[in-house]
Amino acid sequence: MAVTSLAPGIPRSTLGDAWRTFRTAVRLGWAIQSNWSDPFLFAVYTIIKPLAAAMILVVMFWVVTGGRGTAFLQFLIVGSALWNVVLGVVAGMVQSILEDRERYRMMKYVVVTPSSLFAFLLGRSAARVLVALIAVALTLVVGVVFLGVRLQPDLVLFIPATILGLLAVNAIGLFMAGWCLQLRQEAWSYPEAIAGALYLVSGAIFPIDVLPSILHPIAFAMPTTWWLEASRRGLLGHGSPGVLGDLGDGQVLVYLAITTAIAVLLALAAFGWFMRRARRAGLLDMTTGS
Amino acid sequence: MTAAGTGTTASARQAAEWSTERVIRSNLRAVMGRAYPRVIGLTREPSWLFFEIFLPFLAVSAFVFVYRALEAPEEYIGFVVIGGAMAAFWLNVVWMMAAQFYWEKDQGNLELYFTAPMHLMSVLAGMAIGGLVMTSSRALAVIAIGSILYGVSFDIQQPWLLAGVFLLTMIPLYGLGMLFASLFLLWGREAFHLAQLLQEPIYFLGGVNFPIGAIGPLAGLVVATLPLAVGLDAMRQLVFAGSDVAGVLPVAAEIAILAVMAVVFLVGARLALGYLETLARREGRLTLRWQ
């Protein structure tokens, strides 16, 4: 059934309502994310998966270089660690919205209540983001303790880079969530596909110079490229090898701010349009069986 | 109920007494019936094909570019391409074999499987055959696109042996999937996390993106227990015969390990399934949704 607008007389939600929705959604998201499972197993899962992903890169590095050239190893570890955030946010938002529509069939109820869907969506995906942040911290700790990664934090660079980066990644997640609501089939695969494509063009684990030149404009247009570069500088004290490394810190931050602003504006506009279309077309309670 | 072929009503006991031929025929139909949606799905749902090829290709490409950035020898690029193709089979085993019974339970199909006059091994065999066909298209596409795009050159001197090793690898690999299918069902809600755990950590231990020998003494243990690792190591030795990178063991020894694994995992799957069936009938709980 199409849900097009609030009934007359029902007040719009306030900031307090949105905060209450967010808190409830966070608790719900955590319970679902951990699947009400054994906390020990969930902790193991949270720790081992990202570490294994980083260790694959470490062994690839060692097998080729014999352990020489630790600057590239540091580049790999930081990129691999930070990428967990992109996966967590994008997959978190999309899977939250799809699970609530397809599996738990709660989306239509959330929409017809005066609670804010935006706050609900952010809260529902917060658990995945938290798990992703734990994975980032653990990967960096293992890198520092066992692999000789030398962190030289520059908070003046790192803090704004993190704030802008999280905004950009959330914008991508929001766009994807709205987009996936429109799809009839295979919507579950889209976050993985988009995150995989971004992984490739953002220079997460290799300098973008290695990419075919046709992909360079796309790499430069992505806020994730600039976020990773700014974060590497903020954590390691130096940038990536290659063309990005030649830029100044200020330039990198400016490019990050510009691409993030564009991503946020586009995502908000697109999400609003996607939601209006979903209400009109009755997509909020559609089940695809996928 | 009518007795087969006679049209007359039989007692419940008589109706349950099937000839061996009928049992075999019925189970073969179950195998084909369960394989059918996976094989036919290839043509009915083109979007599957896109994601099945596109996603592993992205992952393979990322690792190829890492090796390019490290100026690694060209055979490493080939290792990644072959590893990416084999990882497709592993993903199929984890998500479409191991976790499948859990999902079937959620959809309400599992209780139908238990009550249908067929052995559950037939359902698992059907899933394995269908999955093998489906994933072969994905693996071949990854190898073809990867080879063309990244200029991988293969040095295959014993193609028949290579084909034999591939097929032999599939038996313990899908046998392990059959074993996991029962175990995942027993582990209930943890199944999703376990399936997640069986990805990156197994790619690391199985040497999907690098020669397995690179993980040191752990390689011996992995080769003795993980069919993906031992099969991949043997195939890499046969696909890149001229490469300087040695396998963990000679190909003949790895073939023997795969043969032993095939028997162990298939027997293990049969035993686990028997236990599961007993438990399902006795407690009536394993087939309930949301457990």
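This write-up is about the structure you can find in this document.

Criteria and cut-off values
- Residues numbered from 1 in each chain as written.
- Chains lettered and ligands numbered in written order.
- Predicted model: local features only at pLDDT ≥ 70, side-chain atom pairs only at ≥ 80, totals over all residues.
- Heavy atoms only, no water.
- Helix = DSSP H or I, 4+ residues; strand = E, 2+ residues; numbered from the N terminus.
- Buried < 20%, exposed > 50% of the residue type's maximum accessible area, 1.4 Å probe, protein only.
- Contact = heavy atoms within 4.5 Å.
- Areas by Shrake-Rupley, 256 points an atom, 1.4 Å probe, with all protein chains shown as cover.
- Expected span 1.5 Å × (residues − 1).
- Core = buried A, V, L, I, M, F, W, Y, C linked by side-chain atoms within 4.5 Å.
- Buried area = accessible area lost by both parts, 1.4 Å probe.
- Salt bridge = Lys/Arg side-chain N within 4 Å of Asp/Glu carboxyl O.
- Phe/Tyr/Trp six-rings, centres within 6.5 Å; stacked < 30°, edge-to-face > 60°.
- Lys NZ or Arg CZ within 6 Å of the ring centre and 35° of its normal.
- Axes fitted to C-alpha atoms, helices over the stretch in contact; angles between N-to-C directions.
- Parallel < 35°, antiparallel > 145°, perpendicular 65-115°, else oblique.
- Left-handed = near helix turned anticlockwise from the far one by under 90°.
- Nonpolar A, V, L, I, M, F, W, Y, C, P; charged D, E, K, R; others polar.

Thoughts on the overall build of chain A
Across its full length, chain A carries 10 helices and 0 strands. The helix and strand sequence of chain A, counted from the amino end, reads α-α-α-α-α-α-α-α-α-α. Dimensions of chain A along its principal axes, counting C-alpha atoms only, are 65 × 45 × 35 Å. Here chain A holds 290 residues, and the buried ones make up 52% of them. Partitioning the contacts of chain A with sequence separation of at least 6, the portion at a separation of at least 24 is 78%. Of the accessible surface of chain A, which amounts to about 12,600 Å², a share of 69% is contributed by carbon and sulfur atoms.

Quick look at helix 3 (residues 70-103) of chain A
All names here are of chain A. Look at helix 3: 46 Å from first C-alpha to last across 34 residues, which is about the 50 Å you get at 1.5 Å a residue. With 30 of 34 residues buried, helix 3 is to be regarded as a mostly interior element. At the exit of helix 3 stands Arg105, carrying a positive phi of roughly 55 degrees.

Some details on the nonpolar core
Within the largest apolar cluster, 165 residues are counted, with the highest numbers of intra-cluster contacts made by Ile205(A), Trp90(B), Phe101(B), Leu124(B) and Phe184(B). Those residues in contact with Phe101(B) that sit more than four places away from it in its chain are Leu110(B), Tyr113(B), Leu120(B), Val123(B), Leu124(B), Met127(B), Ala181(B), Leu185(B) and Leu273(B).

What to know about helix 1 (residues 15-33) of chain A
An α-helix turns once per 3.6 residues; consequently, residues spaced three or four apart project the same way. For helix 1 of chain A, built from 19 residues, the straight-helix expectation of 27 Å at 1.5 Å per residue is met to within 8% by its first-to-last C-alpha distance of 26 Å. Where helix 1 of chain A is concerned, the buried positions are Ala18(A), Thr21(A), Ala25(A), Gly29(A), Ala31(A), Ile32(A) and Gln33(A). Of the surrounding secondary structure, the elements contacted by the buried residues of helix 1 of chain A are helix 2 (39-65), helix 3 and helix 5 (117-146) of chain A together with helix 9 (191-197) of chain B.

Quick word on the interface of chain B and chain A
Each partner contributes residues to the interface: chain B has 37 residues there, and chain A has 42 residues. Across the interface of chain B and chain A, roughly 3,400 Å² is buried in total on both sides, 78% from carbon and sulfur atoms. For the chain B face of the interface with chain A, the top three residues by lost area are Phe65(B), Leu70(B) and His193(B), together amounting to 19%. At the surface where chain B touches chain A, the tally comes to 1 salt bridge. Taking the shortest distance from any N to any O, the salt bridge between Glu200(B) and Lys49(A) comes out at 2.7 Å. Per element, the largest residue contribution to the side of chain B that touches chain A is 14 residues, and it comes from helix 3 (residues 46-69) of chain B.

Describing unusual backbone geometry
Of note, Arg105(A) is a non-glycine position whose phi angle comes to about 55 degrees, a positive value. The phi angle at Glu71(B) is positive, at roughly 55 degrees, despite the residue not being glycine. Within the secondary structure, Glu71(B) sits in the loop between helix 3 and helix 4 (74-98).

With respect to the packing of aromatic side chains
All told, the structure shown has 20 aromatic pairs over all chains when counted by the stated rule. With centroids separated by 5.7 Å and ring planes inclined at 20 degrees, the aromatic side chains of Trp19(A) and Phe22(A) adopt a geometry described as stacked. One end of the pair, Trp19(A), and the other, Phe22(A), are both in helix 1, 3 residues apart, so they sit about a helical turn from each other. Pairing Trp83(A) with Tyr199(A) gives two aromatic rings, centres 5.4 Å apart and planes at 50 degrees, and the pair type is tilted. Taken as a pair, Trp83(A) in helix 3 and Tyr199(A) in helix 7 (residues 189-201) lie far apart in primary sequence, 116 residues in all. The exposure class assigned to Trp83(A) is buried, which follows from its relative accessible area of 4%. On the basis of relative accessible area, Tyr199(A) is assigned to the buried category, the value being 17%. Joined through ring pairs, the aromatic side chains of Phe175(A), Trp179(A), Tyr190(A), Trp273(A) and Phe274(A) make up one cluster. Over the ring of Phe75(A) we find Arg232(A), and its NZ or CZ is 3.7 Å from the ring centre. Cation over ring: Arg22(B) sits above Trp18(B), and NZ or CZ is 4.0 Å from the ring centre.

Things to note about the packing of helix 3 of chain A against helix 6 (residues 155-182) of chain A
All names here are of chain A. In the contact formed by helix 3 and helix 6, the axes pass within 8 Å of each other and the chain directions differ by 30 degrees. Overall, the two elements helix 3 and helix 6 adopt an arrangement that is roughly parallel. The interaxial crossing formed by helix 3 with helix 6 has right-handed handedness. Across the interface between the two elements, Val85, Val86, Val89, Val90, Met93, Val94, Ile97, Leu98 and Arg101 of helix 3 pack against Leu166, Val169, Asn170, Ile172, Gly173, Leu174, Met176, Ala177, Cys180 and Leu181 of helix 6. Taken together, the residues of the contact of helix 3 with helix 6 sort by class into 16 nonpolar, 2 polar and 1 charged.

Observations regarding the pattern of salt bridges
All chains considered together, the criterion is met by 10 salt bridges over all chains. Between Arg124(A) and Asp100(A) there is a salt bridge whose closest N-O contact spans 2.9 Å. Of this pair, Arg124(A) sits in helix 5 while Asp100(A) sits in helix 3, and the two are 24 residues apart along the sequence. With relative accessibility at 2%, the residue Arg124(A) sits in the buried group. Among the ionic pairs, Arg25(B) bridges to Glu21(B), the shortest N-O distance being 2.9 Å. Residue Arg25(B) and its partner Glu21(B) are located together in helix 2 (residues 20-44), separated by 4 residues, close to a single helical turn. Using a relative accessible area of 43% as the deciding quantity, one classes Arg25(B) as partly exposed. Given a relative accessible area of 54%, Glu21(B) falls into the exposed group.

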